[in-house]
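Next come the chains, spelled out residue by residue.
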Amino acid sequence: MDGLNNLGGAIAIDGDSHIYLSVGEHQSRKNLQSKTSHLGTIVRLNDDGSIPGDNPFVDDESARPEIYSYGHRNPQGISIDDKTGTIWSVEHGPKGGDEINIIKTGRNYGWPLVSYGSEYNGAEIKKTSHETDLEEPKYYYVPSIAPAGLLFYSGDEYPDWNGHLLIGALIGTHVNLISLEEGDLKKKDRLLDDLNMRFRGVSVSPAGKIYILTENGIILRIDTEV
């Protein structure tokens, strides 16, 4: 282990009982593009811990077979749209450039080659480009909000939020509400910013209620729209 930050650690389970786990790059840039370690990846397992036979690199002897996507920096939120199976993820950029991504099998998300952020010392990083074979973020933040938990909400309890993303922000001290309109993400609102708290997790209960976890261990339940 090269560092004790940028650990990732988000987990989601799809309708076929596949487990998706994000692994941050642990403040290391060694071999992140080589797929020889799990650093900077999202891994995919069966619910018994075995490796799915249709994982993208199961037949690649130079790659870890658990890897589903790679080139990530610090993905701290994963949520799956149960209706479409779309896998959403949020990850920390460096100085700016936090990303919302749709996770696709076998795709390279570019870190540390490209980013819409910059180095902490101010040095530029090559910006992502549609001309490359790297996966573009669906949305990015400059300046950063330090995104943590992520929920793709689909339900009737909060009808105005149906089909929206809710993202906990650490530096931003709010819950970021993003709308999905004709396939594009658009910033919509900042929720709970009057509390001035760092929001770590966002989830929905079996009863359809949204719960939000703060970094200091407080759990909030949203009974009506904020």
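Structure's up top.
Residues numbered from 1 in each chain as written. Predicted model: local features only at pLDDT ≥ 70, side-chain atom pairs only at ≥ 80, totals over all residues. Heavy atoms only, no water.

Below, the discussion takes up the pattern of salt bridges. Going through the model one piece at a time under the given rule, you end up with 13 salt bridges. Residue Glu135 pairs with Arg107 through a salt bridge whose shortest N-O separation is 2.6 Å. Of this pair, Glu135 sits in the loop between β7 (98-102) and β8 (139-141) while Arg107 sits in the loop between β7 and β8, and the two are 28 residues apart along the sequence. Relative accessible area serves as the criterion here: at 13%, Glu135 is assigned to the buried category. Its relative accessible area of 22% is what places Arg107 among the partly exposed residues. A salt bridge links Lys209 to Glu157; its shortest N-O distance comes to 2.8 Å. Highlighted residues: Lys209 in the loop between β13 (199-204) and β14 (210-214) and Glu157 in the loop between β9 (147-153) and β10 (164-169), separated in sequence by 52 residues. Salt bridges sharing partners connect three or more residues here, namely Lys104, Arg107, Asp133 and Glu135. (Salt bridge = Lys/Arg side-chain N within 4 Å of Asp/Glu carboxyl O. Helix = DSSP H or I, 4+ residues; strand = E, 2+ residues; numbered from the N terminus. Buried < 20%, exposed > 50% of the residue type's maximum accessible area, 1.4 Å probe, protein only.)

Read from one edge of the open sheet, four strands run β9-β10-β11-β12, paired in antiparallel fashion. Each end of this open sheet is capped by a strand with a single partner; those strands are β9 and β12 (184-191). Going from strand to strand, the sheet's axes swing by 25 degrees on average, the running direction of each strand aside. As judged from the seven bridges shared by strand β11 (residues 174-181) and β12, these two strands associate in the antiparallel manner. Bridge pairing in β12 links Leu177 to Asp189. (Pairing = 2+ DSSP bridges. Axes fitted to C-alpha atoms, helices over the stretch in contact; angles between N-to-C directions.)

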